[in-house]
Amino acid sequence: MSYKILLPQEIMKEGREYLESRGYELINGSGMEEQDIIRDIPDCDGIIVRLSKMTDAVFTAAKNLKVVARHGAGYDTVDLESAKRHGVVVLNAPVANSMSVAELAMFYMLYCSRNFKRVENYMLEDYYYAKLKTPKVELDGKTLGIIGVGNIGSRVAKKALHGFNMKVIAYDPYKTQADMPEGVELTSDFDHIFEASDFVTLHCPATPETMDFVGKRQFSLMKKNAYFINTARGKVVDEPALYEALSDHLIAGAGVDVLKEEPFNSKNPIFALDNIVIGPHIGAATKEATDRASLHSAIGIDEVLSGKKPSWPVPGFEGEE
Ligand code: NAD
């Protein structure tokens, strides 16, 4: 009898074909809400979750479940304690979207460097103001400060060093100099990142330790012509402090892919500023990242159900087989 894998939402063909070619039976779920999953899951052995939450009630209903694969890097939608209690292995796809997010961080840096929000706002009304009077800089030779040098931060570092000839300094209390890509200078001085950089980019996770990690003090340390980039999480930045830094021109501008409130609240005053470019959390939204997330989820499910050590276990689930 083949193992049954529940898909509350569709996955890409890369993942589907991987599982089907190995004899798994894929069950298209009747919905992605908790009650839909509770109805569909009782005889399933694995599940790939995109937006659906894996709650204690779901784990309790999932009598045959052995593995949950999160179709992406984050796993805050999975009740890990309940998974442990029910003996279910939890996996994620931590590197599936790293390249896409790293490219997006470079996009925000380039967008800021040409003051593009202002250029775009003015180019029809006053062509020569947009062309000649809005300050613009190169990335070449500038200092980039990276906070969090993991899967994404390390890719950003390499692009900045080798693609744009930037100087790269980094802060990551959980890494050593030996973990850094060649050419990156690790510092344990958080303030130094803000004081010395022309661009600061955030790539650390949102944890209790990093809530409002970047705030008034850090923005006040930054150079007046420096830019702040956030493709990590909105929670890591004190948003009123960012608003103030931008409206008081303590910094030149910002590029952010994430805000505290998502989907966005159109009343947020930050949208009225012309020295910030904001994206609706599109870091992982490329075709390549989605295809990879489906494939990596499928590989992980197969590894666990065929008794192999999984390549991408969520921390705390490394030992389960
Ligand atoms: P990762 O776990 O590979 O790397 C995170 C790094 O941050 C690690 O090196 C870790 O040591 C470091 N870190 C932890 N606490 C820190 C602290 N207090 N100060 C400095 N560094 C610290 O994660 P990743 O895949 O590189 O993802 C990084 C961030 O990007 C996460 O916040 C993730 O949620 C976010 N992300 C955003 C998108 C998007 O669409 N914009 C997509 C994927 C991930």
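1. Considering the overall build of the protein
Right, on to step 1. Counting its regular elements, the protein contains 12 helices and 12 strands.
Right, on to step 2. In terms of overall size, the protein behaves like a compact globule, its C-alpha atoms giving a radius of gyration of 22 Å where 321 residues would be expected to give roughly 20 Å.
Right, on to step 3. Across its three principal directions, the C-alpha atoms of the protein cover 70 × 45 × 35 Å.
Right, on to step 4. Per-residue burial for the protein yields a buried fraction of 49% across its 321 residues.
Right, on to step 5. Accessible surface, the protein: about 15,300 Å² in total, of which carbon and sulfur atoms supply 53%.
Right, on to step 6. Side-chain charges in the protein split into 36 positive and 46 negative, and the spacing between the mean points of these groups amounts to 3 Å.

2. A few points about the nonpolar core
Right, on to step 1. Core analysis: the largest hydrophobic core is formed by 37 residues, its most contacted members being Ile5, Ile41, Ile47, Met54 and Leu65.
Right, on to step 2. Listed by contribution, the elements that provide at least two residues to this core are β1 (4–7), α1 (13–20), β3 (46–49), α3 (56–61), β4 (67–70), β5 (89–91) and α12 (287–305).
Right, on to step 3. By residue number, the principal contributor to this core is α12, which donates five residues.
Right, on to step 4. Not counting residues within four places of it along the chain, the set of residues in contact with Met54 comprises Ile41, Ile47, Val49, Phe59, Leu65, Val68, Thr77, Val78 and Asp79.

3. Some thoughts on unusual backbone geometry
Right, on to step 1. Residue Pro263 follows Glu262 across a cis peptide bond; omega there is -10 degrees.
Right, on to step 2. Counting through the fold element by element, Pro263 comes out in the loop between β11 (253–256) and β12 (276–278).

4. Brief notes about empty space enclosed by the protein
Right, on to step 1. Under the defined criterion, the tally for this structure stands at two cavities of 30 Å³ or more.
Right, on to step 2. Considered as a void within the structure, the largest cavity measures approximately 90 Å³ in volume.
Right, on to step 3. Around the largest cavity, the lining is made up of 13 residues, and of these Cys112, Asn115, Lys117, Asn275 and Ile276 lie nearest the centre.
Right, on to step 4. Of all the secondary structure elements, the ones that give two or more residues to the lining of the largest cavity are α5 (98–113), α6 (116–122), β11 and β12.
Right, on to step 5. Per-class residue counts for the lining of the largest cavity are eight nonpolar, three polar and two charged.
Right, on to step 6. Around the second largest cavity sit Phe228, Asn230, Gly234, Val237, Glu239, Leu242, Val256, Val258, Leu259 and Lys260, which together line it.
Right, on to step 7. Of the residues contributing to the lining of the second largest cavity, the split by class is six nonpolar, two polar and two charged.

5. A word on the layout of surface pockets
Once rolled over the atoms, a probe with the size of a water molecule shows which space is left empty.
Right, on to step 1. As a volume, the second largest pocket reaches approximately 260 Å³.
Right, on to step 2. In terms of lining, the second largest pocket is formed by 16 residues, of which the most central are Pro135, Lys224, Asn225, Tyr227 and Ala252.
Right, on to step 3. When its residues are assigned to classes, the lining of the second largest pocket shows six nonpolar, five polar and five charged.

6. Brief notes about the packing of aromatic side chains
Right, on to step 1. Tallied over the entire structure, the rule returns 12 aromatic pairs.
Right, on to step 2. With a centroid separation of 5.1 Å and an interplanar angle of 80 degrees, the aromatic rings of Tyr127 and Tyr128 are classed as edge-to-face.
Right, on to step 3. Among the aromatic side chains, those forming a connected cluster through ring pairs are Phe107, Tyr108, Tyr111 and Phe116.
Right, on to step 4. Across the ring face of Phe317, the terminal group of Lys84 is positioned such that the distance to the ring centre comes to 4.3 Å.

7. Some details on the environment of Asp36
Right, on to step 1. Position of Asp36 relative to the elements: it lies in helix α2 (residues 34–40).
Right, on to step 2. Looking at Asp36, the relative accessible area reads 12%, which means it is buried.
Right, on to step 3. When the C-alpha atoms of Asp36 and Pro8 are compared, they prove to be 8.2 Å apart, with 28 residues separating the residues in sequence.
Right, on to step 4. Those residues in contact with Asp36 that lie beyond four places of it in its chain are Ser30 and Gly31.

8. What about the site of the ligand?
Right, on to step 1. Neighbouring residues of the ligand: 26 residues in total, closest Asn151, Ile152, Asp172, Lys175 and Cys204.
Right, on to step 2. The contact in question runs from an oxygen atom of the ligand to an N or O atom on the backbone of Cys204, over 2.8 Å.
Right, on to step 3. Side-chain polar atom of Arg233 to an oxygen atom of the ligand: 3.3 Å apart, as the coordinates give it.
Right, on to step 4. Looking at the shell around the ligand residue by residue, the classes come out as 12 nonpolar, nine polar and five charged.

About the thresholds
Residues numbered from 1 in each chain as written. Predicted model: local features only at pLDDT ≥ 70, side-chain atom pairs only at ≥ 80, totals over all residues. Heavy atoms only, no water. Helix = DSSP H or I, 4+ residues; strand = E, 2+ residues; numbered from the N terminus. Rg over C-alpha atoms; globule rule 2.2 N^0.38 Å. Buried < 20%, exposed > 50% of the residue type's maximum accessible area, 1.4 Å probe, protein only. Areas by Shrake-Rupley, 256 points an atom, 1.4 Å probe, with all protein chains shown as cover. Lys, Arg positive; Asp, Glu negative; His and termini not counted. Charge placed at Lys NZ, Arg CZ, Asp CG, Glu CD. Core = buried A, V, L, I, M, F, W, Y, C linked by side-chain atoms within 4.5 Å. Contact = heavy atoms within 4.5 Å. 1 Å grid on protein atoms, 1.4 Å probe; cavity = no way out; pocket = protein on both sides within 12 Å on 5 of 7 lines; lining within 4 Å. Points joined across faces, edges and corners; volume = space filled by probe spheres on them. Nonpolar A, V, L, I, M, F, W, Y, C, P; charged D, E, K, R; others polar. Phe/Tyr/Trp six-rings, centres within 6.5 Å; stacked < 30°, edge-to-face > 60°. Lys NZ or Arg CZ within 6 Å of the ring centre and 35° of its normal. Near = heavy atom within 4 Å. Polar contact = N/O pair within 3.5 Å; in protein donor to acceptor, adjacent residues only side chain to side chain.

Just geometry here; none of it tells us what the structure is for.
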